[in-house]
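# Fold and contact review
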Amino acid sequence: MGKWLVAAGFNGLCGVGLGAWAAHGAASVLTPEATEWVKTGAQYQLWRAAALLALIGLPAGFAKVRALAGSCFCLGALLFSGSLYGLALLDWRGLVYVTPFGGLLMLLGWLLLLGFGLKKWRDGQ
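Reference entry: report on the structure contained in this document. (Residues numbered from 1 in each chain as written. Predicted model: local features only at pLDDT ≥ 70, side-chain atom pairs only at ≥ 80, totals over all residues. Heavy atoms only, no water.)

### Examining the environment of Leu 46
The line we're drawing: Numbering of helices and strands starts at the N terminus; helices are DSSP runs of H or I of at least 4 residues and strands are runs of E of at least 2. Any two residues whose heavy atoms approach within 4.5 Å at even a single point are treated as in contact.
Checked against the element boundaries, Leu 46 lands in helix α2 (residues 32–56). Along the sequence, Leu 46 and Ala 7 sit 39 residues apart, while their C-alpha atoms lie 11 Å from each other. Residue contacts for Leu 46: discarding those within four places in its chain leaves Gly 12, Gly 15 and Val 16.

Shown next, in the form of structure tokens:
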């Protein structure tokens, strides 16, 4: 559970910090488009932090899906939000090809939870 708490804390810290900067100071150094990229990255990173915290509360029977979904959420946030931050701050245009992979991993995390939840529900649990 500790690693998911660390991951949630890291994503929450980055999301709040970069989101606040995008709202209050980024406009002086970034273009409006780049500022929006930072805001979007921060928003998605905060949602991943919340999702990781929710995974901690799953019962022991969910250990496998917790590990798989948590890994998808962490790597997805890194690729999605990280590529948007890099694009905004460093103007690395090649990162636009990384962002969708992060989004797909985040979707896969939710799909894993959905599928496992449906299986548990069907099994009467």
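And the narrative resumes.
### A short note on the packing of aromatic side chains
For clarity, the cut-off: In this analysis, rings of Phe, Tyr and Trp, with Trp reduced to its six-membered ring, are considered paired at centre separations within 6.5 Å, and the interplanar angle assigns stacked below 30 degrees, edge-to-face beyond 60, and tilted for intermediate values. For every residue, the accessible area obtained with a 1.4 Å probe (protein chains only) is divided by the maximum for its type, and the residue is called buried under 20%, exposed over 50%, and partly exposed between those limits.
Counted under the stated rule, the structure contains 3 aromatic pairs. Relative to Phe 116, the ring of Phe 62 lies with its centre 5.0 Å away and its plane at 70°, an arrangement referred to as edge-to-face. One end of the pair, Phe 62, is in the loop between α2 and α3 (63–90); the other, Phe 116, is in helix α4 (residues 99–122), and 54 residues separate them in sequence. In this structure, Phe 62 and Phe 116 share a single accessibility class: buried. Measuring from ring centre to ring centre gives 4.9 Å for Phe 73 and Trp 110, while their planes differ by 55°; the resulting arrangement is tilted.

Distances and angles like these do not, on their own, reveal function.
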